[in-house]
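Coordinate analysis (summary)
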Amino acid sequence: MSHGPLSSRPAPAPAPELRPSEPAAAPEAPTTVRPGPGASARPARDATARPGPDTAVPHQRDATTRPGREATTRPDPDATTRPGPEAAVPHQRDAVMRHGHHHVGHPRARAVVKAVALLAATAAGGMLLLRGNEALAGLDSPAAPRPGAATAAAPDAPDPGRVLQIVAHPDDDLYFMNPDLGYSIAAGHPVTTVYLTSGEADGINAGAGKEASTRPDKPAYAEARQNGIRAAYAKMATGDRSSAWKRTVVPTKGGGHAEVDILVARPQINLVWLQMREAGNVYQDVPDSLHGLWDGKVPRLESLLASGSPVRRGFAYTKDQVVQTIVGILERYRPTTIRTQDPTPGRFHDAAKRYTDHQDHFYGARFVQLAAALYAEGFKDRPHFAVQNYVGYFNGSLPRALGPGEAKEKLDILDTYAWLDKENHCGSEAGCGDLKVAEHPSGNGWTQSINYARGTGTDWLTSDAEHGLWAFKVLDGQVALWHRSGLIGRWNGPRLLPGTGMDQGISTVTLKDGRIAAFGTRTSFGDKPADYRREVVYAVQQAPGSEEFGPWESLGTPEASDADWTSDISSPAVSVDGTGALAVYVRDGASTLRGRVRHPDGSWGPWEAHGGADLHGTPVTGTDGAGRRMVFAATTKTVTGWLQPGPGATLGPATPTGLPETTLPLTAEGREGGVRIWFRKPGSGNVRTALMTDADGLKATGLTDLGGLQGFGSVTASGHLLAGRSAGGLLGADVGEGRPWERSPLMFVGAPSSTMTGKNLVSLAVVGLDARLYVTSSADEPDAYLAPWQPVGPRNTTP
């Protein structure tokens, strides 16, 4: 977050950069930051350790019947009111992984026998259905074969991957990418964060009450923010904010120099400081900025070096040199997951149409987009990579996505960055943290939320009529396809479908003739800034069961231009109604619903306006028992719905559902004659569900709280299975009524996806932080359990 003039919103901070894998041959000698005078680590607010990959937090769900089965649902005790901070559900922690070591003959595991009969040949692929956490533990240490059980091939442990975060300012990562950042560090994953700008703002390291009496010093303020970031990362990684760093200078591919800081106790934690000037204003036209450089208003953007940095010589970058500098960093670190900010955040709907996020945030993200595309195209000696985009300032206007425990841990780290106790633990005259943040560390409610800007859909895994499975995710800017033929075939993939520039977030639908259609959005660049564009695209399987897909075809965009709403369209939601008509819907930059319908002759109608207001995130759609489409979108207060009066008819008007406020990601599936939706309870992370039906208009019935393991983000639902990200970052799953939710040892990118495979098998998939597909399955029966997770394809390393 920067601290320039904000007018109505607080602003973000800066970050730096590097060259391909050269040793740190620095013009100046490397330095090591060690505890300064009076150094003492300030105790965290909560001494409870963050759960790592081997930590399970069982959440005992009430023994109620899941909605959608033949029983009554437990009404949600809080169906209408939003809990305040004092009313939040306590965050339960338990440092022991559950291990249900039962034999096949155990009464609660008899369903396994049925599943094994159904999946006879899958044992060789590691898909034998085992009991609960015995299956989940298979990734950490495969269990010995049980008496009388067939021996399954032990899947190899998930690769932790390599996470590279690129943000505009120091603290953007702490405000907008945490707790994902903390999850990765706690799990021991390699993490590098790159700061594009110095975050110097007005140079005053003081709160509002002392600004007038504090002398501006931009290099010193930039240093104080660096000190705060080093303290925060050291605290997350070692528990000691004063843990030492080795600081070096590295030449960049763009012709400048970057500071690279390596945490001595955890050398897989790196910070890269590019130290370019920041805009100093959220939305006003500032030519000397990333925005101005992107638009060609200035030929070069100069550096602003932090005092105390080992980088001593200033430099200036052209637009191409900034891009090449980021390419060099990608070459050096070869990430499998890239985390960056939202390149298309949109604008407020006021007369001035101000940006909803800091201009440094989204123009910095555009530089990352372009650099990642060039890296993917020009460097083949690298692993595949996935991208995760994060919502920025607008988090403060959305319902709280984090439970109280995760929000508190996030605030603790911001407190460390903000240097609340003012002890000189870093030995720097500039200060050991950001005193502007110290006045209000929670920001505009940012410590209570995290939201993905893209990739929240849960329908990227699908099954065909022959019980084959198909998975579609974006790797390297292309759609990656994985396929398993039939119920017992072998998986293959990833195979990258032709066509570049694809954004995260692929939705699939099965057409009336059995072919699969995949939909997404694509970003294109041009010679001029106005050439930046996002559009909806789709590709259709050439024949049912074929691994060949047609070319990506464009459906355009409902937006007039990037200058209108910064190309702020959602990922597409797609469904087929009872007549076989295909429709695609997006949320546009004006926060309304737009859609196109395909005609029987294969042509498409225009983008139609379906209204609604205050829509956010990605809409979802499903078809009810009468073959009618329903569409739903979250707002800041509730959920809005649309109902098709009959198959083949035009979608009806926007209709209030009466549901309470939800966090952004929704999931929808046709069930029980209507469409069931799942979402999270704000400030809790608990999973909720309601059945949407046409009872004299669109109605929500049976709102039910299903509990969970807290966490945030999308929940996938198929058959008896629910799964989503839990507190601690691992996948949490619920496979039956009355049983506790369980954690797997997997961290993953975006959202999980699941599908029914045949009539009585559920398949579940995620893409790990190593950009590798992992799959599991479960018989759709009351006493079934998840099979061991199976990684698909070779480890994602350099070819």
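The rules behind the values
Residues numbered from 1 in each chain as written. Predicted model: local features only at pLDDT ≥ 70, side-chain atom pairs only at ≥ 80, totals over all residues. Heavy atoms only, no water. Helix = DSSP H or I, 4+ residues; strand = E, 2+ residues; numbered from the N terminus. Contact = heavy atoms within 4.5 Å. Disulfide = S-S within 2.5 Å. Buried < 20%, exposed > 50% of the residue type's maximum accessible area, 1.4 Å probe, protein only. Pairing = 2+ DSSP bridges. Axes fitted to C-alpha atoms, helices over the stretch in contact; angles between N-to-C directions. Phe/Tyr/Trp six-rings, centres within 6.5 Å; stacked < 30°, edge-to-face > 60°. Expected span 1.5 Å × (residues − 1). Salt bridge = Lys/Arg side-chain N within 4 Å of Asp/Glu carboxyl O. Polar contact = N/O pair within 3.5 Å; in protein donor to acceptor, adjacent residues only side chain to side chain. pLDDT = per-residue confidence, 0-100. 1 Å grid on protein atoms, 1.4 Å probe; cavity = no way out; pocket = protein on both sides within 12 Å on 5 of 7 lines; lining within 4 Å. Points joined across faces, edges and corners; volume = space filled by probe spheres on them. Nonpolar A, V, L, I, M, F, W, Y, C, P; charged D, E, K, R; others polar. Core = buried A, V, L, I, M, F, W, Y, C linked by side-chain atoms within 4.5 Å. Parallel < 35°, antiparallel > 145°, perpendicular 65-115°, else oblique. Left-handed = near helix turned anticlockwise from the far one by under 90°.

**A short note on the overall build of the chain**
In terms of helices and strands, the chain carries 11 helices and 37 strands. Sequence separation of at least 24 residues holds for 65% of the intrachain contacts in the chain that already meet a minimum separation of 6.

**Some thoughts on the state of the cysteines**
Here a disulfide denotes one covalent bond, and it connects the sulfur atoms of two cysteines. If you walk through the whole model with that rule in mind, you get one disulfide. Through a disulfide, Cys-426 is tied to Cys-432; the S-S separation comes to 2.1 Å. With the S-S bond torsion at -90 degrees, the cross-link from Cys-426 to Cys-432 turns out left-handed. An identical accessibility class is assigned to Cys-426 and Cys-432; each is buried.

**Quick look at the sheet that holds strand β12 (residues 469-475)**
Pairing in this open sheet of four strands is antiparallel, and the strands run β11-β12-β13-β14 from one edge to the other. Pairing within the sheet leaves two strands with one partner each, and these edge strands are β11 (461-463) and β14 (491-496). If you compare each strand with its neighbour and ignore which way they point, the axes differ by 20 degrees on average. With three bridges joining them, β11 and β12 adopt antiparallel strand pairing.

**Focus: the packing of aromatic side chains**
Within a pair of aromatic rings, the relevant descriptors are the distance that separates the centres and the angle that separates the planes. Taken as a whole and judged by the stated rule, the model has 23 aromatic pairs. Measuring from centroid to centroid gives 5.3 Å for Tyr-390 and Tyr-452, while their planes differ by 80 degrees, and the two rings are edge-to-face. Placement of Tyr-390 in strand β10 (residues 386-390) and of Tyr-452 in the loop between α10 (435-438) and β11 is noted, with a sequence separation of 62 residues between them. For Tyr-452, a relative accessible area of 10% translates into the label buried.

**Some words on helix α7 (residues 319-333)**
The end-to-end C-alpha separation of α7 is 22 Å, in line with the 21 Å expected for 15 residues at 1.5 Å each. Those residues of α7 lying buried are Val-322, Val-323, Thr-325, Ile-326, Val-327, Gly-328, Ile-329, Leu-330, Glu-331 and Tyr-333. At the exit of α7 stands Arg-334, carrying a positive phi of roughly 45 degrees.

**Examining the sheet that holds strand β23 (residues 616-623)**
Strand pairing in a sheet takes place through backbone hydrogen bonds and is either antiparallel or parallel in direction. Ordered by their spatial adjacency, four strands build an open sheet running β23-β24-β25-β26, and the pairing between neighbours is antiparallel. Here the strands that pair on one side only, and so sit at the sheet edges, are β23 and β26 (655-656). For β23 and strand β24 (residues 629-634), the ladder comprises five bridges, and the chain directions are antiparallel. Among the inter-strand pairings, Thr-621 is bridged to a residue of β24, identified as Val-631.

**Some words on the pattern of salt bridges**
Applying the stated criterion to the full structure yields 32 salt bridges. Arg-241 is the partner of Asp-421 in a salt bridge, and the nearest nitrogen-oxygen pair spans 2.9 Å. Here the residue Asp-421 occupies a position in the loop between α9 (404-418) and α10, and Arg-241 occupies one in the loop between α5 (218-238) and β4 (245-251), the gap between them amounting to 180 residues. A relative accessible area of 26% places Asp-421 in the partly exposed class. Linking Arg-533 and Glu-535 is a salt bridge whose minimum nitrogen-to-oxygen distance equals 3.8 Å. The exposure class assigned to Arg-533 is partly exposed, which follows from its relative accessible area of 35%. Linked by salt bridges that have partners in common, Arg-230, Arg-247, Glu-259 and Asp-261 make up one network.

**Digging into the side chain of Glu-259**
Locating Glu-259 in the fold gives a position in strand β5 (residues 257-263). Side-chain polar atoms of Glu-259 contact the side chain of Ser-309, separated by 2.8 Å. Once you skip the residues sitting within four places of it in the chain, Glu-259 turns out to touch Gln-226, Arg-230, Arg-247, Thr-248, Leu-271, Val-272, Trp-273, Gln-275, Ser-309, Pro-310 and Val-311.

**Considering the confidence of the model for the chain**
When pLDDT is low, close inspection of the predicted coordinates is not appropriate. In the predicted model, the chain carries a mean pLDDT of 85, and the fraction of residues at 70 or more is 80%. Scored below 50 in pLDDT, residues 33-66 shows 113 contacts in the model against residues more than four places distant or in partner chains. Contacts of residues 68-155 to residues separated by more than four positions or lying in other chains number 185 contacts, the stretch itself having pLDDT below 50.

**Side note on the layout of surface pockets**
A volume near 1,200 Å³ is recorded for the largest pocket. Taken together, 49 residues form the lining of the largest pocket, with Asp-459, Thr-462, Thr-508, Glu-669 and Thr-755 sitting closest to its centre. Of all elements in the fold, only β11, β15 (507-510), β19 (573-576), β23, β27 (667-671), β31 (715-718) and β34 (742-756) reach the threshold of two or more residues within the lining of the largest pocket. With six residues, the top contributor of residues to the lining of the largest pocket is β23. When grouped by side-chain class, the residues that make up the lining of the largest pocket number 16 nonpolar, 29 polar and four charged.

**With respect to α5**
Look at α5: 30 Å from first C-alpha to last across 21 residues, which is about the 30 Å you get at 1.5 Å a residue. Burial runs high along α5: 18 of the 21 residues are buried. One or two positions beyond α5, positive phi appears at Gly-239, with a value near 85 degrees.

**Points about the nonpolar core**
Most often, soluble globular proteins have nonpolar side chains that are buried together. With 100 residues, the main nonpolar core has Leu-174, Tyr-233, Ile-326, Trp-482 and Leu-773 as its most contacted residues. Sorting elements by how many residues they give to this core places helix α8 (residues 359-378) first, with nine residues. When sequence neighbours within four positions are dropped, the list of residues in contact with Tyr-233 reads Gln-165, Asp-173, Leu-174, Leu-181, Ile-185, Thr-193, Tyr-195, Trp-245, Ile-269 and Leu-271.

**Structural notes on the packing of α7 against α8**
Each pair of packed helices can be summarised by the angle the axes make with each other and by the distance between the axes. Running from N to C, α7 and α8 point in directions that differ by 60 degrees, and their axes come no closer than 8 Å. Considering the angle they form, α7 stands oblique to α8. Considering the relative orientation of α7 and α8, their crossing is right-handed. Contacts between α7 and α8 pair Lys-319, Val-322, Val-323, Gln-324, Ile-326, Val-327, Leu-330 and Glu-331 from the former with Phe-367, Val-368, Leu-370, Ala-371, Ala-372, Leu-374 and Tyr-375 from the latter. Residue composition of the contact of α7 with α8, by class: 12 nonpolar, one polar and two charged.

**A word on the environment of Glu-439**
By the element assignment, Glu-439 lies in the loop between α10 and β11. Glu-439 has contacts with Gly-207, Ala-208 and Gly-209, leaving out every residue within four places of it along the chain. There is a polar contact of 3.0 Å between the side chain of Glu-439 and the backbone nitrogen of Ala-208.

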